[in-house]
Amino acid sequence: VQLVESGGGLVQPGGSLKLSCAASGFTFSAYGMSWYRQGPGKERELVATINAAGGSTVYADSVKGRFTISRDNAKNTVYLQMNSLKPEDTAVYYCRVCLTNYWGQGTQVTVSS
């Protein structure tokens with residue numbers, strides 16, 4: 001199993017970023033996928049989850065209305081569109097295959113002016 005995140009970077013408050021997680025080595029369309037994040041000095045927290053078919057999503061209260069998780073099962077990729085970014089969104093963002101211990105290596109998102 002391989003999960004490769006991309007799309008992180010430095011963005012000003014109020015800006016947007018779109019993260020991608022390219023998956024391989026398993027039947028992507030059979031598993032839910034999640035995005036987690038770990039900010040400096042903080043524990044890793046669940047940000048958003050999408051079910052295998054892509055029809056159901058769940059979000060942490062802190063990102064609800066600003067972030068959107070989606071997936072393209074034809075491309076074996078899950079996305080996280082992040083809008084109205086705040087400094088407190090600064091973290092390393094990870095994707096994970098639900099109900100497994102398969103994680104990506106993470107991508108850094110820094111929100112700062």
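Please refer to the structure placed before this passage.
Just so we're clear, the structure is a prediction, and the values are computed from it rather than from any experiment.

Engineer: How should the state of the cysteines be read in this particular structure?
Structural biologist: Cysteine pairs can be covalently joined through their sulfur atoms, and such a bond is termed a disulfide. Following the criterion strictly, the structure yields 1 disulfide and no others. Residue cysteine 21 pairs covalently with cysteine 95 via a disulfide, S to S 2.0 Å. As the torsion about the S-S bond is roughly 55°, the cysteine 21-cysteine 95 disulfide counts as right-handed. Residue cysteine 21 is found in strand β3 (residues 17-24), and its partner cysteine 95 is found in strand β9 (residues 91-97); the two are separated by 74 residues along the sequence.

Engineer: Got a minute to help me understand the sheet that holds strand β2 (residues 9-11) in this structure?
Structural biologist: Remark on secondary structure: sheet strands pair via backbone hydrogen bonds, oriented parallel or antiparallel. On the basis of which strands lie adjacent, the open sheet formed by 6 strands has the order β2-β10-β9-β4-β5-β6 and mixed pairing. Of all the strands in the sheet, just β2 and β6 (57-59) have a single pairing partner and so form its edges. On average, each strand axis in the sheet is inclined to that of its neighbour by 25°, with strand direction left out of account. Sheet topology places strand β4 (residues 33-38) next to β9; 6 bridges connect them, and they run antiparallel. Residue tyrosine 36 lies in a different strand from β9, and its bridge partner there is tyrosine 94.

Engineer: Looking at this structure, I do not really get the packing of aromatic side chains. What am I missing?
Structural biologist: By convention here, two paired aromatic rings are described through the distance between centres and the angle between planes. For the structure on display, the rule yields 4 aromatic pairs. Judged by centre distance (5.7 Å) and plane angle (80°), the ring pair of phenylalanine 26 and tyrosine 31 falls under edge-to-face. Classification of phenylalanine 26 by relative accessible area gives buried; the value is 18%. Residue class for tyrosine 31 comes out partly exposed when judged on its relative accessible area of 34%. Within the aromatic cluster, the residues linked to one another by ring pairs are Phe26, Phe28 and Tyr31. One cation-aromatic arrangement involves lysine 18 over tyrosine 79; the distance from NZ or CZ to the ring centre is 4.6 Å.

Engineer: Hey, could you run me through the sheet that holds strand β8 (residues 77-82) in this one?
Structural biologist: Spatial strand order, β1-β3-β8-β7: 4 strands in an open sheet with antiparallel pairing. The open sheet has two edge strands with one neighbour each: β1 (2-6) and β7 (67-72). On average, each strand axis in the sheet is tilted by 15° relative to the strand beside it, whichever way the strands run. Direction of pairing for β3 relative to β8: antiparallel, over a ladder of 6 bridges. Residue cysteine 21 lies in a different strand from β8, and its bridge partner there is valine 78.

Engineer: Quick question: what am I supposed to make of the environment of asparagine 101 here?
Structural biologist: Secondary-structure assignment places asparagine 101 in the loop between β9 and β10 (107-111). For asparagine 101, a relative accessible area of 65% gives the class exposed. One polar contact links asparagine 101 to tryptophan 103, side chain to side chain, over a distance of 3.3 Å.

What counts, and at which threshold
Residues numbered from 1 in each chain as written. Predicted model: local features only at pLDDT ≥ 70, side-chain atom pairs only at ≥ 80, totals over all residues. Heavy atoms only, no water. Disulfide = S-S within 2.5 Å. Helix = DSSP H or I, 4+ residues; strand = E, 2+ residues; numbered from the N terminus. Pairing = 2+ DSSP bridges. Axes fitted to C-alpha atoms, helices over the stretch in contact; angles between N-to-C directions. Phe/Tyr/Trp six-rings, centres within 6.5 Å; stacked < 30°, edge-to-face > 60°. Buried < 20%, exposed > 50% of the residue type's maximum accessible area, 1.4 Å probe, protein only. Lys NZ or Arg CZ within 6 Å of the ring centre and 35° of its normal. Polar contact = N/O pair within 3.5 Å; in protein donor to acceptor, adjacent residues only side chain to side chain.

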